[in-house]
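An overview of the molecular structure
The residues making up each chain are set out below.
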Amino acid sequence: MQAFGFELKHGATVLSARTLPDLTPAADEVIIDVQAVGLNNRERMARRGAVPGDFNVLGSDVAGTVTALGRSVADITIGERVLVRTTHGDATQVRAPARDVVVLPRALSFEQAAGMITPGITAYRAVAVFTRLQPGHTVVIKGASGGVGLLVVQLAKARDVHVIGVASGNHRNQVLTAGADEFFAYDTENHVAALDGRADIVFNVALNGINGQDDVAMVRPGGQIISVAHREPYSDKPVQFTHIHPLAVPNDHTILTELVPLFADGLLKLPIGTLFPFTAAGFAAAHDLLPSPHEGRIVVSAADD
């Protein structure tokens, strides 16, 4: 198998390819021939934290074909198309517990599947786990044009609430097409003043949960802020702050099992921005693009489906 990883050399992270022994599954695991990998902000942070002397193979969002089964795996077959959130995904093979693997319908490509895993899980937790949207609620979604933001717009709108998207002005049509009822451009409009106290819930899924004090201004007293930020902003009014974080229940498999049919049926959509080839140069270019401004999801693909 080939793995594509970062090494820290002379203060810079450099990606290279290594040939490693093929993987073999434990009793409860499967081996997946990787066809596509979706990149996320977590890989950007992991690259910055590369350890000298280590070969850091990143990648968590994987779609591909099952090529080997552990002896106790009974409900998955060789050749089945699957997706999974795992580790060391930037490789031609990955190992994953069978309980984590979700079957991929033919209506969904490997690239689409790999691109939706982490943003789908994050958006689902934001909308369906950390808050309970009620019909008639007004919600503000910051970062509405990003991968998580577009899915929060769609999931929230499906729950019969009034959705207000906030993003840069060039994304107005994209966010409104996704289902937002109103749109404010943070780069050309004073959205904080216009939305002062309007929101029952503010979803801040912008990069690093930026400008938390704006969230406080836009939410009503007694409202809720759901954010990717780790720190709660100061508030002089009663506001509930919740950081979007992993949970044991519902787990990733449960969430993906619910989301995959919605993507396959076209009820949820998430654009792929750039596809890169499944080579060392492709992975390097994809990871280099990740911290820069870009449109849509970044996916590395070997797929021909």
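Look above for the structure.
Quick look at the structure, then. (Residues numbered from 1 in each chain as written. Predicted model: local features only at pLDDT ≥ 70, side-chain atom pairs only at ≥ 80, totals over all residues. Heavy atoms only, no water.)

What to know about the sheet that holds strand S11 (residues 182–185)
Where we set the bar: Paired strands, in this sense, are two strands between which DSSP finds at least two bridges. Each helix corresponds to a stretch of at least 4 residues labelled H or I by DSSP, and each strand to a stretch of at least 2 residues labelled E; elements are numbered beginning at the N terminus. Lines are fitted to the C-alpha atoms to define the axes, a helix being fitted only along its stretch in contact, and any angle between axes, read from their N-to-C directions, falls within 0 to 180 degrees. Contacts are assigned to residue pairs that have any heavy atoms within 4.5 Å of one another.
Overall, parallel pairing links the 6 strands, which are arranged S11-S10-S9-S12-S13-S14 in an open sheet. Whereas interior strands pair on both sides, the edge strands pair on one side only; in this sheet they are S11 and strand S14 (240–243). Going from strand to strand, the sheet's axes swing by 15° on average, the running direction of each strand aside. Examined bridge by bridge, strand S9 (residues 138–142) and strand S12 (residues 199–204) share 4 bridges and lie parallel to one another. Within S12, the position partnered with Lys142 by the bridge is Asn204. In the packing of helix H3 (residues 147–157) onto the sheet, contacts are made with S9, strand S10 (162–167) and S12, and the angle to S9 comes to roughly 170°.

Some details on the pairing of strand S5 (residues 61–69)
Each regular strand shows side chains that alternate between the opposite faces of the sheet. When strand S3 (residues 29–38) meets S5, the two strands line up antiparallel, connected through 8 bridges. Paired with Val34 across the bridge in S5 is Gly64. Pairing between S5 and strand S6 (residues 81–85): 5 bridges, direction antiparallel. Bridge assignment links Val62 to a residue of S6, and that residue is Val84.

Re the packing of helix H2 (residues 110–129) against H3
We apply this condition: Oblique is the label for any angle not covered by the other classes, which are roughly parallel (under 35 degrees), roughly antiparallel (over 145) and roughly perpendicular (65 to 115). Each crossing gets its hand from how the near helix is turned against the far one by less than a right angle, where anticlockwise is left-handed and clockwise is right-handed.
Where H2 contacts H3, the two axes come as close as 8 Å, and the packing angle between them is 45°. In terms of orientation, H2 and H3 fall into the oblique class. Here the hand of the crossing between H2 and H3 comes out right-handed. Of the residues in H3, those in contact with Pro119, Gly120, Thr122, Ala123, Tyr124 and Val127 of H2 are Gly147, Val148, Leu151, Val152, Leu155 and Ala156.

Concerning the layout of surface pockets
Gaps left between atoms show up when a probe the size of a water molecule is rolled over them. Just so we agree on the cut-off: Computed over the protein atoms alone on a 1 Å grid, cavities are sets of points where a 1.4 Å probe fits but cannot get out and pockets are open sets with protein on both sides within 12 Å along at least five of seven lines; a residue lines them when it has an atom within 4 Å of a point. Grid points are joined across faces, edges and corners, and a volume is the space filled by probe spheres set on the points. Just so you know the grouping, Ala, Val, Leu, Ile, Met, Phe, Trp, Tyr, Cys and Pro go in nonpolar, Asp, Glu, Lys and Arg go in charged, and all remaining residues, Gly too, go in polar.
If you add up the space inside the second largest pocket, you get close to 190 Å³. Lining of the second largest pocket is provided by Met1, Ala3, Leu20, Leu23, Val57, Thr87, His88, Ala91, Gln93, Val94 and Arg95. Tallying contributions element by element places strand S7 (residues 93–97) first for the lining of the second largest pocket, with 3 residues. A breakdown of the residues in the lining of the second largest pocket according to their chemical character gives 7 nonpolar, 3 polar and 1 charged.

Describing helix H1 (residues 41–48)
Here is the rule we go by: Burial here depends on accessible area, computed with a 1.4 Å probe over protein chains only, as a share of the maximum for the residue type. Under 20% is buried, over 50% is exposed, and the range in between is partly exposed. It is the directions from the helix axis to the C-beta atoms whose arc is reported.
Buried within H1 are the following residues: Glu43, Arg44 and Arg47. Down the axis, H1 shows its buried residues gathered within 105° of arc, on one side only.

What about the packing of H2 against helix H7 (residues 252–264)?
Between H2 and H7, the shortest axis-to-axis distance is 10 Å and the interhelical angle comes to 105°. One finds that H2 runs roughly perpendicular with respect to H7. Facing Met116, Ile117, Gly120, Ile121, Tyr124 and Arg125 of H2, the residues of H7 in contact are Asp252, Ile255, Leu256, Glu258, Leu259 and Phe263. In terms of residue class, the contact of H2 with H7 is built from 8 nonpolar, 1 polar and 3 charged.

None of the figures reported here should be taken as evidence of function without further support.
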